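Coordinates in review
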Amino acid sequence: MAKVSMDRPVAKTGALSHEVRADDIAPLQVLSPDGEVVNPDRMPKLSDDQLKEIMYRMVFTRTWDERAINLGRQGRLGFYAPVSGQEATMVGSEYALNKDDFICPGYRDMPQLVWHGLPLYQAFLYSRGHQHGGQIPEGVNVLMPQIIIGAQILHATGIGMGFKLKNEQRVAITYTGDGGSSEGDFYEGLNFAGSFKLPVIYFVQNNGYAITTPFAKQTAAQSIAHKALAAGIRGVQVDGMDVLAVISAVQEAAEIGRNGGGATLIEGLTYRYRPHSMADDTTKYRTKEEEAEWSIKDPLVRFGKYLEKKGLWSDEDTARVKEEAKNTVNEQIKKAEQTEKMTVAGLIDSMFEQTPPHLEEQKADYQ
Amino acid sequence: MAQMNMKEAIRDAMRVELKRDPSVLVFGEDVGHVGGVFRATEGLQGEFGETRVFDTPLAESAIGGLAVGLSTQGFRPVAEIQFVGFIFEALDQMFVQAARMRYRSGGRYHAPIVFRTPFGGGVKAAELHTDSLEGLAVQTPGIKVVIPSNPYDAKGLLISAIRDNDPVFFMEHLNLYHAFRDEVPEGDYTVPIGKAKVVREGKDVTIIAYGLMVHTAMKAAEELEKAGVQAEVIDLRSLVPLDIDTIVASIQKTNRAIVVQEAQKSAGVAAEVIAQINEKAILHLEAPVLRCAPPDTVYPFAQIEDQWLPNAARIVKTVNQVLEF
């Protein structure tokens with residue numbers, strides 16, 4: 001079977017047959033794990049300052065993640081889904097968007113929200129179970145993290161339809177994982193986007209595990225990108241440890257969406273180094289060997305090597321950003337902790353625009 | 001004034017709002033080109049175009065999710081779920097995503113969505129077309145629940161629902177679509193959500209009902225009249241918010257009440273109404289408030305649905321139990 005570069009649609013290869021063909025695919029890559037440019041044609045057009053900014057964000061995000069784990073152990077954060085290993089898909093995909101593009105995240109996708117404009121202390125408040133965490137500032141185009149796996153896929157579909165109806169040159173992007181691609185809402189969203197030709201990017205961060213269930217048990221499909229075929233939309237697979245490949249794929253999908261070309265499903269092959277949440281034990285479902293294999297592909301190491309060769313980054317830069325990130329996290333967690341506590345009366349008043357009489361009555365018990 | 005049946009009044013409400021407010025969209029399975037399986041949206045696509053009134057692929061969760069996404073971008077979706085049983089496919093989007101949007105975002109977003117669905121028994125429909133699932137919605141915080149019993153209210157309530165900045169579950173009884181015609185004003189008027197209506201005055205007993213059961217209760221009241229019993233009949237119209245004040249005012253006068261519902265007996269709207277009567281009017285009661293409702297079974301196949309559903313005779317029997325207590 002011929003190899004098909006997955007930066008093109010997966011459909012329409014091979015001879016005509018009554019049987020749908022599922023050809024092999026190879027993920028889009030710009031940098032090798034050694035930081036060598038292997039695909040110059042797909043190198044995104046980025047200035048040196050932009051390249052440094054992307055590295056800054058990835059180092060910052062990993063440091064924030066490490067600090068968040070500690071804050072969780074200290075009881076200063078609540079539910080937290082670690083992100084280390086997925087910096088390229090998270091930071092890269094957001095970086096490829098315009099600020100007026102709209103993000104519908106899953107629960108792990110806090111970095112995309114923060115880099116799109118959500119203040120970090122609000123991300124911490126969300127984790128701490130405070131309503132202000134979801135009170136997205138005006139002008140920041142994101143929804144709150146979604147807990148029901150796949151529900152956000154349909155919201156992005158509706159938001160994309162809204163952009164299309166208003167003739168706005170914007171795209172909606174939504175994130176889920178390999179597990180999320182098994183949900184009914186995933187298929188419904190892709191199918192609607194195909195049918196209405198909507199400017200939506202469905203980004204699946206395939207990190208190999210849905211909590212503990214491995215990808216091999218998740219689907220018999222050859223890849224998640226192949227699932228685009230049935231919906232009649234573009235399907236793309238990208239090396240999710242290569243931030244430049246991620247940026248290239250998302251920029252292309254966004255461009256196509258803004259110009260009326262419809263939706264793209266992007267599968268980013270990545271790995272989460274840490275557990276699904278603070279509560280599971282990775283040694284029960286994956287091997288040290290596998291973890292070591294993925295750490296060789298590390299997105300920060302790879303992109304760092306590339307930048308070092310260009311004279312744009314050094315270990316001192318990494319140390320400086322880490323320090324800055326630690327300080328910012330400390331300051332922002334303090335701000336979160338100092339935020340006025342929620343009240344039951346406030347909860348009652350946020351059910352409806354106008355609190356109806358029965359809730360007014362119930363509120364009286366909590367004042 | 002025009003004479004309209006309830007279906008035509010519902011269609012007219014959508015027409016008024018589509019014309020008045022460019023952010024209103026109407027969509028669902030088969031609602032566009034043909035105008036819905038009951039033709040409730042007939043002609044609207046022709047009048048307002050395919051970008052305002054459109055058919056969707058067949059997927060109820062996506063219809064709900066599309067509505068939620070659109071509502072965050074300033075649209076007011078009127079999303080039709082073709083038959084009531086199909087809401088099970090859309091419950092997350094309706095009862096979680098839409099109903100919690102205002103709370104989860106601290107008011108940054110809200111979900112001004114109307115989920116319209118036909119429901120209700122007595123028409124020999126296929127399975128899962130006629131269940132009374134309002135109880136599920138009534139127990140769900142953050143969504144209003146409205147059930148009209150006549151064309152005038154249907155139009156005024158639907159206009160209110162479309163203008164409401166919170167999600168509304170708008171349930172349309174199948175057996176009322178073509179049942180009778182009413183004087184319905186042309187153009188714009190509203191019936192407020194959260195206000196019940198006394199549709200028959202009486203001093204001896206209060207019959208509380210909604211949807212088709214209002215008419216069944218009226219028949220029962222006529223029967224009772226022959227026996228010298230003056231029954232007051234209340235049409236709830238909105239189940240959330242529930243107008244308990246109108247109920248209490250009536251019970252203060254009659255001291256006796258029953259609640260009629262097409263939904264299975266336990267843990268439903270009737271149970272909630274009775275709980276609130278206990279909280280607010282127990283000293284005015286001369287007898288326990290009883291429920292006239294079907295047994296706690298699945299909605300039956302068509303062959304026995306007429307025996308299963310409440311009818312005038314059962315309502316009279318229940319009233320007599322509270323009168324003779």
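Residues numbered from 1 in each chain as written. Chains lettered and ligands numbered in written order. Predicted model: local features only at pLDDT ≥ 70, side-chain atom pairs only at ≥ 80, totals over all residues. Heavy atoms only, no water.

Focus on the environment of Pro111 of chain A
All names here are of chain A. Within the element layout of this structure, Pro111 appears in helix H3 (residues 110–116). Between the alpha carbons of Pro111 and Glu316 there is a distance of 24 Å; along the sequence they are 205 residues apart. Other than its neighbours up to four places away in sequence, Pro111 contacts Thr61, Trp64, Val83 and Met90. (Helix = DSSP H or I, 4+ residues; strand = E, 2+ residues; numbered from the N terminus. Contact = heavy atoms within 4.5 Å.)

A word on empty space enclosed by the protein
Inspection of the entire model under this criterion finds four cavities of 30 Å³ or more. Estimates place the volume of the largest cavity at around 140 Å³. What lines the largest cavity is a set of 15 residues, and nearest its centre among them are Phe79, Tyr80, Ala81, Met110 and Ser127 of chain A. Listing elements by their share of the lining of the largest cavity, those giving two or more residues are H3 and helix H4 (120–127) of chain A. Top contributing element to the lining of the largest cavity by residue count: H4 of chain A, with four residues. Looking at the lining of the largest cavity residue by residue, the classes come out as 13 nonpolar, one polar and one charged. There is about 40 Å³ of room inside the second largest cavity. Along the walls of the second largest cavity sit Pro105, Leu143, Met144, Gln146, Gln152 and His155 of chain A together with Gln97, Met101 and Arg104 of chain B, which together make up its complete lining. Among the secondary structure elements, those contributing two or more residues to the lining of the second largest cavity are helix H5 (151–165) of chain A together with helix H4 (91–104) of chain B. Examining the composition of the lining of the second largest cavity, we find that three residues originate from one element, H4 of chain B, more than from any other. (1 Å grid on protein atoms, 1.4 Å probe; cavity = no way out; pocket = protein on both sides within 12 Å on 5 of 7 lines; lining within 4 Å. Points joined across faces, edges and corners; volume = space filled by probe spheres on them. Nonpolar A, V, L, I, M, F, W, Y, C, P; charged D, E, K, R; others polar.)

With respect to the UniProt feature "domain: Transketolase-like pyrimidine-binding" (unreviewed entry) in chain B
This chain's UniProt record puts "domain: Transketolase-like pyrimidine-binding" (unreviewed entry) on residues 4–179 of chain B. A distance of 10 Å separates the end C-alpha atoms of residues 4–179 of chain B, which is 36% helix and 16% strand. (UniProt positions renumbered as here; feature names shortened; annotations may be inferred.)

Details of helix H8 (residues 244–254) of chain B
Quick reminder: α-helices carry 3.6 residues per turn. Residues three or four places apart thus point the same way. All names here are of chain B. Turning to H8, its buried residues number three or more, namely Ile244, Thr246, Ile247, Val248, Ser250, Ile251 and Thr254. Looking at the packing, one finds that the buried side of H8 touches strand S9 (197–200), strand S10 (205–209), strand S11 (231–235), strand S13 (257–260) and helix H9 (269–281). Looking one or two residues past H8, Asn255 carries a phi angle of roughly 65°, positive in sign. (Buried < 20%, exposed > 50% of the residue type's maximum accessible area, 1.4 Å probe, protein only.)

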